[in-house]
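# Architecture and fold: a report
Single-letter residue listing:
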Amino acid sequence: TVAKSRAVATAREEVSREVATLRRDVEEQVREDLRKQMMSLGQECSASIEAQVKDSLANSNGRLERRMEELFRDYRAQERSEVRVIAAKTESLCEEQVRQLLWQVEDQTKLAAIKTEEGWHLAQSLQERA
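Presented here is a report on the structure given in the accompanying data block.

About the cut-offs
Residues numbered from 1 in each chain as written. Predicted model: local features only at pLDDT ≥ 70, side-chain atom pairs only at ≥ 80, totals over all residues. Heavy atoms only, no water. Salt bridge = Lys/Arg side-chain N within 4 Å of Asp/Glu carboxyl O. Helix = DSSP H or I, 4+ residues; strand = E, 2+ residues; numbered from the N terminus. Buried < 20%, exposed > 50% of the residue type's maximum accessible area, 1.4 Å probe, protein only. Contact = heavy atoms within 4.5 Å. Core = buried A, V, L, I, M, F, W, Y, C linked by side-chain atoms within 4.5 Å.

We now examine the pattern of salt bridges. This structure, assessed with the given rule, holds four salt bridges. Between Arg67 and Glu70 there is a salt bridge, and its shortest N-O distance comes to 3.3 Å. One end of the pair is Arg67 and the other is Glu70, both in helix H2 (residues 62-129) and three residues apart, which spans about a single turn. The exposure class of Arg67 is partly exposed, given its relative accessible area of 40%. We classify Glu70 as partly exposed; its relative accessible area is 37%. A salt bridge links Arg99 to Glu96, with the nearest nitrogen and oxygen atoms 2.9 Å apart. With Arg99 and Glu96 both in helix H2, this residue pair falls three residues apart, about one helical turn. Among the residues examined, Arg99 registers a relative accessible area of 37% and is labelled partly exposed.

This brings us to the environment of Val105. Structurally, Val105 can be placed in helix H2. The spatial distance from the C-alpha of Val105 to the C-alpha of Arg12 is 9.6 Å, given a sequence separation of 93 residues.

Now for the side chain of Thr90. When you line up the elements, Thr90 lands in helix H2. According to the relative accessible area criterion, Thr90 is buried, its value standing at 14%. Not counting chain neighbours up to four residues away, the residues in contact with Thr90 comprise Val30, Leu34 and Gln37.

The next point concerns the nonpolar core. Membership of the largest hydrophobic core is limited to five residues, which are Val26, Val30, Leu34, Cys94 and Val98. Of all the secondary structure elements, the ones that give two or more residues to this core are helix H1 (2-58) and H2. If one sorts the elements of this core by residue count, H1 sits on top with three residues. The contacts of Val30, once residues within four sequence positions are left out, are Thr90 and Cys94.

Set out below in structure tokens:
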């Protein structure tokens with residue numbers, strides 16, 4: 001039973017290391033994806049806003065200029081809100097992926113423990129026969 005406990009403990013340690021690695025990989029990918037999305041959104045928004053502001057300022061008076069500044073602030077607020085929504089959705093998806101991976105790893109650990117126990121039973125049977 002000592003060897004069986006060691007085998008199970010070893011399997012659990014391996015699974016724990018694998019889960020930790022998977023979690024780090026998923027978190028790193030999420031951060032990278034968010035960074036890319038935020039950069040892309042920033043570039044698109046900046047180009048769009050800059051073009052809108054230039055056109056409006058060329059054809060407007062002081063009142064329209066103030067209105068454009070309000071729109072710019074609103075647009076930036078909306079952009080921040082959209083980025084938060086994207087980040088929340090991405091985080092939620094990643095958490096779900098991590099949960100699924102943990103379930104898979106847990107199932108694999110249970111299967112490995114069962115196989116290990118079956119191996120021990122077989123070994124004991126063979127030893128008793130010998």
